[in-house]
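The residues making up each chain are set out below.
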Amino acid sequence: MYSEKVMNHFTNPRNMGDMENPDGKAQVGNPTCGDIMEIAIKVEDNRISDIRFKTFGCGAAVATSSMVTEMAKGKTLEEAEQLTNKTVAEALDGLPPVKMHCSNLAADALHKAIQDYREKQKKEG
Amino acid sequence: MKSVYMDNGATTRTHPEVLKAMEPYFLENYGNPSSVHSFGRDALQGIEKAREQVRKLINARDPQEIIFTSGGTESDNLAIIGFAMANRKKGKHIITSAIEHHGVLHPCEYLEKEMGFSVTYLPVDKTGMVAVEDFQKAIREDTIMASIMMGNNEIGTVQPIKELAEASKDRGVVFHTDAVQAVGNMPVDVQDLGIDMLSLSAHKFHGPKGVGALFVRKGIKLHPHMHGGAQEKNRRGSTHNTTGIIGLGKAAEIAGKNLPEKVEKITRLRDKLIQGIEENIDEIVFNGHREKRLPGNVNFCFRYIEGESLLLSLDLEGIAASSGSACTSGSLDPSHVLLATGLSHEVAHGSLRLTLSLFNEEEEVDYIIERLPGIVDKLRQMSPLYQSKRK
């Protein structure tokens, strides 16, 4: 039911874990629907220099989280904001149709973490 | 890699003796059992032998009380819709429970929506048990039937069927039980239990898939739902699934042999698995009833993790299991059974069902006890819920 790429990211998730003093952080989803994703970022010179995720959810939720961190790492904030759930799913060679709602979370979480960073910057600035 | 099959609640391995019994009905006795010639007569003879084998397993009085169907879901549909439509002039109220298989729940919902019936869905306690008192109170003047499952497919809870059937009889209510998980896996005696109708399925006890039976006590009227043939005494039209029926009969015969000893062996493995999980993993919820339980059923929720991730991780270790998480139920909600026992969505999403059969060995139980804690820990390390709980 899952592509090899999904299983690869599920088995060996990239950038999984906690981050000390992140520059931006966000959590999306809720436990009722069975998917929660948390993304933390470090930003240097307007680029995502480091990124970490934690996920409670199905195989697709874990794989999309892992994939979005890999895709976002090293990108400028503007480039990272262009990533969508669709591009994440495509990078994983697709997801089963019923799983498409899981992949929405990955890009959402990333965008919210960037938003969190920008708001913090405003306050500090 | 090791390969451990512990999803026997989903389906079982076909017993080699069952396959052997079926083979001649593909290659030699392949006639239509409704035909006049010798090919047909041989097939019919096989079918009637199977009917007797099934009768014996559940201790029905008469083989003619057994109707062959395509499986558990069809048996449930025939019992509920068939009985309701044939008896609707007597009343239009049905009692069932919140934790039935969808094979019972959906026909009940259909009768409610399309045929003007009213249905009472009895709640269960946190062990998944229906209260006999609630059942008695739910019986009304217009109640014509009740359907309460014998052993729950997810959490294994075995209901007080004898008491429920007795309460039904007292008030002239026909009592059906979905015994798909129970028959062949624990002793079931329709006469001792006082059951009027019972659904069973071959592939849950080492028979082939696509065949089952409905026991209907003599004198109970049903409308057929398959029209177009006089098979099964006009109760279920369609050419007999001869090979499947032969397989069901053989599986019933094998299941009935030394059943108490087999139940004891599986129960011992089950209890070892339950104990091993409870001793090695914390933050878990035991689902179902400790004693009144199907012999092969183990069901836990592991807090902070999600069931499908757990199944994928187990599968990578060669372990086949199932879950009541939303991702595996095909909807956005986790198992209706787990929710009915009072679990939150969050906890219910992290359920794991391991179901044993006679083909499981103790070393397989040991293997799961060895691997499961590491898998659960890895997924918890990944979970933001576990993290916030530790803070």
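Keep in mind it's a predicted model, so treat the numbers as computed, not measured.

A. Up close: the overall build of chain A. Regarding its fold elements, chain A presents five helices and three strands. Secondary structure elements in chain A, listed N-terminal to C-terminal, are α-β-β-β-α-α-α-α. Its C-alpha atoms give chain A a radius of gyration of 14 Å, near enough to 14 Å, the size a compact globule of 125 residues would have. Sorting the 125 residues of chain A into buried and exposed places 50% on the buried side. A fraction of 63% describes how many contacts in chain A between residues 6 or more apart in sequence connect residues 24 or more apart. Carbon and sulfur atoms make up 46% of the accessible area of chain A, which amounts to about 5700 Å² in all. Taken together, the 16 basic and 19 acidic charged side chains of chain A have centroids lying 1 Å from each other.

B. Representation of the sheet that holds strand S2 (residues 35–44) of chain A. Residues and elements named next belong to chain A. Ordered in space as S1-S2-S3, the three strands form an open sheet in which the pairing is antiparallel. In this open sheet, the two strands that pair with only one neighbour each are strand S1 (24–30) and strand S3 (47–56). Across the sheet, the mean angle separating the axes of adjacent strands is 15° when strand polarity is ignored. Alignment of S2 against S3, held across nine bridges, turns out to be antiparallel. Looking at S3, one finds that glutamate 44 is bridged to arginine 47. Contacts from helix H2 (residues 59–72) reach S2 and S3, with the element oriented near 175° to S3.

C. Structural view of the domain arrangement of chain B. Residue and element names in this part refer to chain B. Segmenting chain B into domains produces domain 1 (16–256) and domain 2 (258–390). Between domain 1 and domain 2, the C-alpha centre-to-centre distance is 29 Å. Note on domain 1 versus domain 2: buried area summed over both sides is about 2100 Å², and carbon and sulfur give 62% of it. If you sort the residues of domain 1 by the area they bury against domain 2, Glu154, Ile155 and His206 come out on top, with a joint share of 30%. Inspection of the region where domain 1 meets domain 2 yields 11 residue pairs in polar contact (both at pLDDT 80 or more).

D. Molecular detail of the side chain of asparagine 152 of chain B. Locating asparagine 152 of chain B in the fold gives a position in the loop between strand S5 (143–147) and helix H6 (161–170). The residues touching asparagine 152 of chain B, leaving out its near neighbours within four places in the chain, are Ile99, Thr157, Gln181, Leu294, Asn297 and Val337 of chain B.

E. Looking closely at the sheet that holds strand S10 (residues 297–302) of chain B. Residue and element names in this part refer to chain B. Within the open sheet, the three strands sit side by side as S9-S10-S12. Their pairing is antiparallel. On the outer flanks of this sheet lie strand S9 (284–286) and strand S12 (351–355), each paired with one strand and no other. Neighbour-to-neighbour, the strand axes of this sheet turn through a mean angle of 25°, independent of strand direction. Relative to S10, S9 runs antiparallel, the two being bridged by three bridges.

F. Quick peek at the interface of chain A and chain B. Counting from both sides, the interface comprises 27 residues of chain A and, opposite them, 23 residues of chain B. Both sides of the chain A and chain B interface together cover about 1900 Å² of buried area, and 63% of this is carbon and sulfur. Looking only at chain A, the three residues that lose the most surface to chain B are Phe10, Lys54 and Phe56 of chain A, adding up to 29% of its buried area. Run the count over chain A and chain B and you get one salt bridge. The residue lysine 99 of chain A makes a salt bridge to glutamate 308 of chain B at a minimum N-O spacing of 2.4 Å. Taken together, the links from chain A to chain B amount to nine residue pairs in polar contact (both at pLDDT 80 or more). Listed by contribution, the elements that provide at least two residues to the side of chain A that touches chain B are helix H1 (4–11), S1, S2, S3 and H2 of chain A.

G. Region of interest: H6 of chain B. Residue and element names in this part refer to chain B. Every buried residue of H6 is accounted for by Ile161, Leu164, Ala165, Ala167 and Ser168. Summarising the axial view, the buried residues of H6 lie within an arc of 160°, below the 170-degree limit, and thus occupy one face. With respect to the buried face of H6, the exposed residues turned more than 90 degrees away are Glu166, Lys169 and Asp170. Where H6 is buried, its residues meet helix H5 (132–138), S5, strand S6 (174–178) and helix H7 (190–193). Two residues or fewer after H6 comes glycine 172, characterised by a positive phi angle close to 70°.

H. Looking closely at the pattern of salt bridges. Residues and elements named next belong to chain B. Inspection of the entire model under this criterion finds 32 salt bridges over all chains. A salt bridge links glutamate 74 to arginine 236, with the nearest nitrogen and oxygen atoms 2.6 Å apart. Highlighted residues: glutamate 74 in helix H3 (residues 72–86) and arginine 236 in the loop between helix H8 (231–234) and helix H9 (242–256), separated in sequence by 162 residues. Note on accessibility: glutamate 74 and arginine 236 belong to one class, buried. Between arginine 290 and glutamate 278 there is a salt bridge; the shortest N-O distance is 2.8 Å. Placement of arginine 290 in the loop between S9 and S10 and of glutamate 278 in helix H10 (residues 259–280) is noted, with a sequence separation of 12 residues between them. Taking relative accessible area as the criterion, arginine 290 reaches 43% and is therefore assigned partly exposed. Glutamate 278 sits in the partly exposed class, given a relative accessible area of 33%.

What counts and what doesn't
- Residues numbered from 1 in each chain as written.
- Chains lettered and ligands numbered in written order.
- Predicted model: local features only at pLDDT ≥ 70, side-chain atom pairs only at ≥ 80, totals over all residues.
- Heavy atoms only, no water.
- Helix = DSSP H or I, 4+ residues; strand = E, 2+ residues; numbered from the N terminus.
- Rg over C-alpha atoms; globule rule 2.2 N^0.38 Å.
- Buried < 20%, exposed > 50% of the residue type's maximum accessible area, 1.4 Å probe, protein only.
- Contact = heavy atoms within 4.5 Å.
- Areas by Shrake-Rupley, 256 points an atom, 1.4 Å probe, with all protein chains shown as cover.
- Lys, Arg positive; Asp, Glu negative; His and termini not counted.
- Charge placed at Lys NZ, Arg CZ, Asp CG, Glu CD.
- Pairing = 2+ DSSP bridges.
- Axes fitted to C-alpha atoms, helices over the stretch in contact; angles between N-to-C directions.
- Domains from an automatic or database assignment.
- Buried area = accessible area lost by both parts, 1.4 Å probe.
- Polar contact = N/O pair within 3.5 Å; in protein donor to acceptor, adjacent residues only side chain to side chain.
- Salt bridge = Lys/Arg side-chain N within 4 Å of Asp/Glu carboxyl O.
- Arc of directions from axis to C-beta.

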